Amino acid sequence: MSTHRIALLPGDGIGVDVVREGQLVLDTLAQTTGAMRWDMQEFPWSCDYYLQHGQYMPDDALDTLDGFDAILYGACGLPDVVPDEISQHQGVLRVRQGFELYVNLRPARLLPGLPTPLAGKGPGDFDLLCVRENSEGEYAGCGGRVHQGSSYEVALQTTVFTREGVERIIRYAFDLTMRLGRRHVTNVTKSNALQFAPVFWDEVFEEVAADYPGITTDRNLVDAAAARMVSSPETFDVLVASNLFGDILSDIGGALMGSLGVPASANINPEGAHPPMFEPVHGSAPDIAGQGIASPIATIWAAAMMVEHLGHAKEAELVMAALGDVTASGALTPDLGGDATTADCGAAVRDALRARAVSAAA
């Protein structure tokens, strides 16, 4: 039996509510399968911590986190009390960039029983993976403001594409496609209007694609890709995109899945230099925090991705199967049209997981 050290970072708002449910599911998985043991430690780093200490995380936060096998993160931000440019850059972006978690992997597929705005679509009709560059691009934090408050105030936000950064995320997308037995990679760009960075991205994409003759490719401008996701998501297999474009498209994927309370994500350094971080795609939603109505599905899905990444593929499948049992049963939170509480939904997943584990062992 393997033991895994997991750092729990609930963060802000509903992050506290949903990470609690993710932790309980992980505990149940360990108890019912005996495949692993968890050594979990929770950290209070959040906007409340910032208000008390003047920083979102302590100076040695990354050194502390580096001793763990993985991180389960909740959500970041309380914009009414702490500006997002502080909480985001001192919180989640600090971990992503500081640990070179340059892959942000976001799956999009419809779970049984979940509503979708797409007419005539159901489970199995689309199954796409968005591979988002996660360490530079539009979120690199390069830029500034001068002459603030004057009529000639200037604000600059500079996109940063390095050859190493672009090549490694594109190569990861192709390697992932091969490993999963998929067949097609779509390059999402905007090189018709932005003539420097996206054109460079496209050139690197073509260079890398030449090394994978067995995988077909196409190129979509990001606005066309957004329309295509809504009209025919089944035509996508694996998408690779810059930080900003991947963020936007994967949120569209969440809407197609029924709610932003559904999609999960993994932040990975494929070389294993630092621990990966797994989190729901949704934000902190402070207006509903503590009310027991936030969906824990995305966090439980993220926990399943973590379990798989740590080498327990069969156990991760058990979690996802249990999650599908619950969504099919209708035990859903209000964002998905149900009346279950956050705790009700989490408990239902744990019950389904126990039943699945017993059936698998029989």
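Just so it is clear, the structure is predicted and the values come from calculations on it, not from any experiment.

**Focus on the overall build of the protein**
Item 1. Summing up its helical and strand segments, the protein has twelve helices and twelve strands in all.
Item 2. At a minimum sequence separation of 6, the contacts of the protein that also span at least 24 residues come to 75%.
Item 3. In the form shown here, the protein has an accessible surface area of approximately 15,000 Å², with 51% of it arising from carbon and sulfur atoms.
Item 4. Treating the 23 positive side-chain charges of the protein as one cloud and the 47 negative ones as another, the clouds have centres 5 Å apart.

**A look at a negative patch on the surface**
Item 1. A contiguous patch of negative charge, built from D59, D60, D63 and D66, is present on the exposed surface.
Item 2. One can find D63 in helix α3 (residues 61–65).
Item 3. With relative accessibility at 63%, the residue D63 sits in the exposed group.

**A word on the packing of helix α1 (residues 14–33) against helix α12 (residues 342–361)**
Item 1. Axis separation between α1 and α12 bottoms out at 10 Å; the angle between their running directions is 15°. Considered as vectors, α1 and α12 are oriented roughly parallel to each other. Seen along the crossing, α1 lies across α12 with a hand that is right-handed. The residues of α12 that touch α1, namely those facing D17, E21, L24, V25, T28, L29 and T32, are T342, A343, G346, A347, V349, R350, L353, R354 and A357.
Item 2. Its residues assigned to classes, the contact of α1 with α12 comprises eight nonpolar, four polar and four charged.

So, how was this worked out
- Residues numbered from 1 in each chain as written.
- Predicted model: local features only at pLDDT ≥ 70, side-chain atom pairs only at ≥ 80, totals over all residues.
- Heavy atoms only, no water.
- Helix = DSSP H or I, 4+ residues; strand = E, 2+ residues; numbered from the N terminus.
- Contact = heavy atoms within 4.5 Å.
- Areas by Shrake-Rupley, 256 points an atom, 1.4 Å probe, with all protein chains shown as cover.
- Lys, Arg positive; Asp, Glu negative; His and termini not counted.
- Charge placed at Lys NZ, Arg CZ, Asp CG, Glu CD.
- Patch = residues over 30% accessible without salt bridge, like charges linked within 9 Å, V, L, I, M, F, W, Y side chains within 5 Å.
- Salt bridge = Lys/Arg side-chain N within 4 Å of Asp/Glu carboxyl O.
- Buried < 20%, exposed > 50% of the residue type's maximum accessible area, 1.4 Å probe, protein only.
- Axes fitted to C-alpha atoms, helices over the stretch in contact; angles between N-to-C directions.
- Parallel < 35°, antiparallel > 145°, perpendicular 65-115°, else oblique.
- Left-handed = near helix turned anticlockwise from the far one by under 90°.
- Nonpolar A, V, L, I, M, F, W, Y, C, P; charged D, E, K, R; others polar.

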